[in-house]
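Chain by chain, the residues:
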Amino acid sequence: MSEQIRQTESSGMMKAVSVADYIVERLAAEGIGHCFGVAGDYAFPICDAVDSSAKVKWIGCANELNASYAADGYARIRGAAMLVTTYGVGELSALNGVMGAKAERSLVFHVVGMPSYQNQRLAKIAHHTLGDGVFGNFVALSAAAACCHAVINPENCIVEMERVIGEARRNNQPAYIAVPSDYALCPVMSADVKPIVPRSNEAALQKTMAIIAERVNNAKSVVAFPAFTILRLGLQKQAQRAIEALGCPFATTLMEKCIIDEGHSQFAGLYAGAMSDPKTRQIVEGSDLVLDLGGINLNDITTAAYSAQLDLSRFITVSLDDVRIGDKVITNVRLTDVLSELAKLKPSSAQYRRTPQALAPVNGSPSDKISMAALYPRYAAFLRAGDTVVLETGSTSLGVTPTTLPDDVRVEAQVLWGSIGWATPAAFGIALADPGRRTILITGEGSHQLTANDIGAMGRFGANVIVFVLNNGGYLIERALEENPDWTYNDLAPWNYVELPKALGCADWYTARVNTLGELDDAMKAARTSKTGAYIEIIGGKMDMPPVLAFAHSRLKEMYGATP
C-alpha cells in the first residue's frame, strides 16, 4: 500500500490518493470488508471514502455504541474490524464498546473524523466541542480505550498507519486513528515503509521451549488451558495440534466455551471453580503443571465467585508476546510460535482419553411452563454444527455455557467486560463477518432493551440472525447479585418484544411469543427453517435462574466483600 499512493481516473489521468482513501484501503488489506459506524460531518471524508471503496462496505448502525459492539463481534471472527465515528459526541458514545474490545482483546480500528486543522489552528468555537477552542480534549480519552493511537496528517499517514497496525496486531487490541477533516482530503505524501509483522526472537523462543519441554517431561500430570486469545487470533487449529501432541487433558473456562470441540477425547470439561464437575476440578487443580496457552482470565465469573483453588506457581503462561514461568518472564516470544513448537514435542506420558459427554436430555411436557432446567438443554439440542451462538452477559451466558454443546459450534460472549446490551449488535457484526455460518443470539430482555434498535440494521443488511429473548420481568442478573431482589430499579418497561422486528423494518421475519415448552419446540423448528431472520420471545419465571447464578447469589460476600 505504501507504494500505491496514486490511482487512475476514468479519464486515464493519475490523481493522488487522499488520506481518507489510503486509510480505508490500507485497512481493507487487513482483511476488513465492512465498516461499522454512524455518519457525522467531521467524519464525512472518511464515510465518503468507505462508500466509494470497492473493498469495504459501509454498515450504518442505530448509534455509535451499537456500532462499536458490532465491530467487536466482527473482529472476533475476521481478526480485525473498522469503526468510524465523528469527533467528540460520536467517539465518546462508542467508547464503552471500544474499551470492552480492549479488555477482551478484539482488534477494532476506531477511525475518528476531527474538526479541520484550519479551525483547530484558529481555535474556533465549534459544535461537538466544549466551546473552549481546544480540540485535543478527547484524544486522551479515546486513546486510553486503545493500545495505540495516531493523529494523522498527509506527511505521517503511511508511517503512522504501519505503526498503529503493527502495534494493534502485536497486542490484538483496538487502535485509535484521528484525522482532521481537511487533512483527510489532502493527498498522501509518499514514504518508504514496510508492514510491521510481529515475530519471536529465535533465541528467546528456543530458551522458552527448552524450559517447557523439561517441565512437561518432569511433571506427573499436565493440563492445558487454551485461552480466549487463541480465538481472537484464529489459532484454534494450532492450539488443538499442540494439545494433541502433548497428549494431556485440556479444560476451558466460560470465556473459552467450545474453543476446541467438546466432543474431543482430551476435553476434560468446563472449569468454573466449585461449580466444575468434580473430575474436571480434580484434573485442573491437582495437576503438577498447567499450560496456560494465551493467558486465561481468572475473574470472578470464570472462577464462580472466586471459588477456584489454583496454585499459580504451577502455571506456565504463554501470552501473546511473552511467556511467564513462575517469577521469570521471557519477552519477545509469540503465542503462535510457541503453539507450533509445542506440536513438535513428544512427551513420554500416555495420552489422556475421555468418553465424550452426551448432550443433556431434553425434558418436560409440551404443556409445561418454560423453566430454565428445561430451556437450556433445548438450546443445546437446537444448535448445530456450523452455528455461531452469541450469549448476552448475565443469566444467559451462565446458563448456556455449562451445557455440553455439539461439535463445530462457536460461542461468543463478553464475560470479562460484561457490558449488558453487547450481544445484540455483536451478533449483527458476527453474522456479517461470516455469513456462511448461522448466527444465533440468546439474550435477556433487560440487556436487549439497551440495543434492540439494531434489529433494524440486521434486516437492512440481510443478517438473518435467529434471536431468542428471555422475558423474565426484569434484570435477573441484578436480582441474583444482591440480597434483596425486589428493588424497583430491577424492573423494566413491559415491551411487546415479539412486535419489534416488524416495527424495525423486518416484516418478513418469523416471530413468536412462547409460554409453554410445546410452543417453544414448535417455534424453534420454524426458526430453523426460516429463510430470513427469526425472533422468539420466551416467557420465563421472575426468579428462575441457572445453577451457576444461584451459586453466585450464595457467595455475595466473597464477590463484593463483607458489609462494613
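No experiment lies behind these values; they were computed from the predicted model shown.

J.: How do you make sense of the environment of Gly-394 when you look at a structure like this?
T.: Checked against the element boundaries, Gly-394 lands in the loop between β16 (387-391) and α15 (395-400). Overall, the relative accessible area of 5% leaves Gly-394 in the buried class. When the C-alpha atoms of Gly-394 and Ala-480 are compared, they prove to be 9.7 Å apart, with 86 residues separating the residues in sequence.

J.: Just to check I follow, could you spell out the sheet that holds strand β18 (residues 438-444) for this structure?
T.: Strand pairing in a sheet relies on backbone hydrogen bonds. The paired strands run either parallel or antiparallel. On the basis of which strands lie adjacent, the open sheet formed by six strands has the order β17-β16-β18-β19-β21-β20 and parallel pairing. Edge strands, defined here as strands with exactly one partner in the open sheet, are β17 (410-413) and β20 (510-514). On average, each strand axis in the sheet is tilted by 15 degrees relative to the strand beside it, whichever way the strands run. Its contacts with the sheet put helix α21 (residues 517-529) on β16, β18, β19 (466-471), β20 and β21 (534-539), and the angle it makes with β20 is roughly 170 degrees.

J.: Would you mind showing me how to read the side chain of Glu-262 here?
T.: Topologically, Glu-262 is positioned in the loop between β10 (250-252) and β11 (267-270). With relative accessibility at 4%, the residue Glu-262 sits in the buried group. Of the polar contacts made by the side chain of Glu-262, one reaches the side chain of Lys-257; its length is 2.8 Å. Once residues within four sequence positions are removed from consideration, Glu-262 is found in contact with Lys-257, Phe-267, Arg-354, Thr-403, Thr-404, Leu-405 and Asp-407.

J.: In this structure, what is going on with α21? I would like to understand it.
T.: Because an α-helix packs 3.6 residues into every turn, residues spaced three or four apart end up facing the same way. An ideal rise of 1.5 Å per residue puts 18 Å on 13 residues; α21 measures up with 19 Å between its terminal C-alpha atoms. Along α21, the residues classified as buried are Leu-517, Gly-518, Leu-520, Ala-523, Met-524, Ala-527 and Arg-528. Lining the buried residues of α21 we find α14 (372-382), β16, β18, β19, β20 and β21.

J.: Even after reading the chapter, I still don't get the side chain of His-448, so can you show me in this structure?
T.: Here His-448 is to be found in helix α17 (residues 445-451). Taking the relative accessible area as the measure of exposure, His-448 reaches 0% and is therefore buried. Here His-448 is in contact with Thr-424, Thr-443, Ile-455, Val-469, Tyr-497, Leu-500 and Tyr-535, once residues within four sequence places are set aside.

J.: Where do I start with the pairing of strand β6 (residues 108-114) in this structure?
T.: Look at any regular strand and the pattern is simple: side chains alternate between the two faces of the sheet. Burial of β6 is extensive: seven of the seven residues sit out of reach of the surface. Burial along β6 is two-sided: the residues Val-108, His-110, Val-112 and Met-114 and Phe-109, Val-111 and Gly-113 are all buried. Pairing of strand β5 (residues 81-86) with β6, which is carried by six bridges, proceeds in the parallel orientation. Note that in β6 the partner of Thr-86 across the bridge is Gly-113. The pairing of β6 with strand β8 (residues 175-180) spans six bridges and is parallel.

J.: Help me understand the sheet that holds β8, please; the structure alone is not making it clear to me.
T.: Pairing in this open sheet of six strands is parallel, and the strands run β4-β3-β5-β6-β8-β7 from one edge to the other. Here the strands that pair on one side only, and so sit at the sheet edges, are β4 (57-60) and β7 (148-151). If you compare each strand with its neighbour and ignore which way they point, the axes differ by 25 degrees on average. Across four bridges, the pairing between strand β3 (residues 34-37) and β4 is parallel. Along β4, the bridge assignment pairs Cys-35 with Trp-58. The strands touched by helix α3 (residues 64-78) within the sheet are β3, β5 and β6, with β5 carrying the most contacts at an inclination of about 165 degrees.

Basis of the calculations
- Residues numbered from 1 in each chain as written.
- Predicted model: local features only at pLDDT ≥ 70, side-chain atom pairs only at ≥ 80, totals over all residues.
- Heavy atoms only, no water.
- Helix = DSSP H or I, 4+ residues; strand = E, 2+ residues; numbered from the N terminus.
- Buried < 20%, exposed > 50% of the residue type's maximum accessible area, 1.4 Å probe, protein only.
- Pairing = 2+ DSSP bridges.
- Axes fitted to C-alpha atoms, helices over the stretch in contact; angles between N-to-C directions.
- Contact = heavy atoms within 4.5 Å.
- Polar contact = N/O pair within 3.5 Å; in protein donor to acceptor, adjacent residues only side chain to side chain.
- Expected span 1.5 Å × (residues − 1).

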